[in-house]
Structure formats: C-alpha cells, structure tokens
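# Survey of secondary and tertiary structure
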Amino acid sequence: MPTITYVRENVQVQVAEGDTVRYPALEHDVPVYCGIYKVGNCHGNGLCGTDRVAVSPSENTNPLTFMEKFWLRKDLKKNPNTRLACQVQVFGDVTVETRCK
C-alpha cells in the first residue's frame, strides 16, 4: 500500500493504490482548501482548481489530467510538481506539500 506523507502537517497515511490525495487529507484534518475555498469548492470534481498541492515524485502518480492542465497552466511553470489534490492518483509513496498555513 502506498504511503502519502503530508510534509507541512507531519502526517503519514497509507492508502489503496489509485486513491487521490484529497480524501485522505480531509479525513486526517490536513487542509487542502485555504480561506473561503474551505466552503466554496467543487468537492473534488476538478472543476474549481482550488486544492493545489505539490506532489513528488511524479513517477508515483497518474499523468496530469485535462482539468489539471487547464487550471495549473501558470503554476506548472513555477513548480512542475503542482497538482490538484482531487485529481492526482497515488501508485507509490509520495510526499505532499499543502499551501495552507
């Protein structure tokens, strides 16, 4: 089973292969939505682009989805590890850096 390590929160979670980063984060009180987006988001459908995180290594995840390419087109230039927590699937151990403080 892959392990997701949420670096800023110092939380490790084992997940089934193919799970997204979003649900385990929410289940373990790891904030992936900042500010007003805690209530104003698309609930994991990839339609709002508000759950940005940095995930590495990328070889342990699925390729960027169409929605990620759309929402993250500027962010990817700054950090190629930027993903949407609701869209990135885990197939091996990864580390996740959230943006909320």
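Every value quoted in this text rests on a predicted model; they were computed, and no experiment measured them. (Residues numbered from 1 in each chain as written. Predicted model: local features only at pLDDT ≥ 70, side-chain atom pairs only at ≥ 80, totals over all residues. Heavy atoms only, no water.)

A few words on the pattern of salt bridges. A complete count under the given rule lists two salt bridges for this structure. Between Arg52 and Asp75 there is a salt bridge whose closest N-O contact spans 2.6 Å. Taken as a pair, Arg52 in strand β3 (residues 52-56) and Asp75 in helix α3 (residues 75-78) lie far apart in primary sequence, 23 residues in all. For Arg83, the salt bridge identified is with Glu68, shortest N-O distance 2.7 Å. Here Glu68 lies in helix α2 (residues 66-71) and Arg83 lies in strand β4 (residues 82-84), a separation of 15 residues in the sequence. Here the two residues Arg83 and Glu68 agree in accessibility, since each one is buried. (Salt bridge = Lys/Arg side-chain N within 4 Å of Asp/Glu carboxyl O. Helix = DSSP H or I, 4+ residues; strand = E, 2+ residues; numbered from the N terminus. Buried < 20%, exposed > 50% of the residue type's maximum accessible area, 1.4 Å probe, protein only.)

In this section: the state of the cysteines. This model, assessed by the stated rule, comprises one disulfide. In this model, Cys34 is linked to Cys100 through a disulfide, with the two sulfur atoms separated by 2.0 Å. Here the disulfide of Cys34 and Cys100 is left-handed, its torsion about the S-S bond being about -105 degrees. Here Cys34 is found in the loop between α1 (22-27) and β3, whereas its partner Cys100 is found in the segment after β5 (94-98), with 66 residues between them in sequence. Overall, the relative accessible area of 28% leaves Cys34 in the partly exposed class. What makes Cys100 buried here is its relative accessible area of 7%. Free cysteine: Cys42, not disulfide-bonded; nearest cysteine sulfur from Cys48 at 3.5 Å. Given the relative accessible area of 13%, Cys42 is considered buried. In this structure Cys86 is not part of a disulfide, and its nearest cysteine sulfur, from Cys42, lies 5.4 Å away. (Disulfide = S-S within 2.5 Å.)

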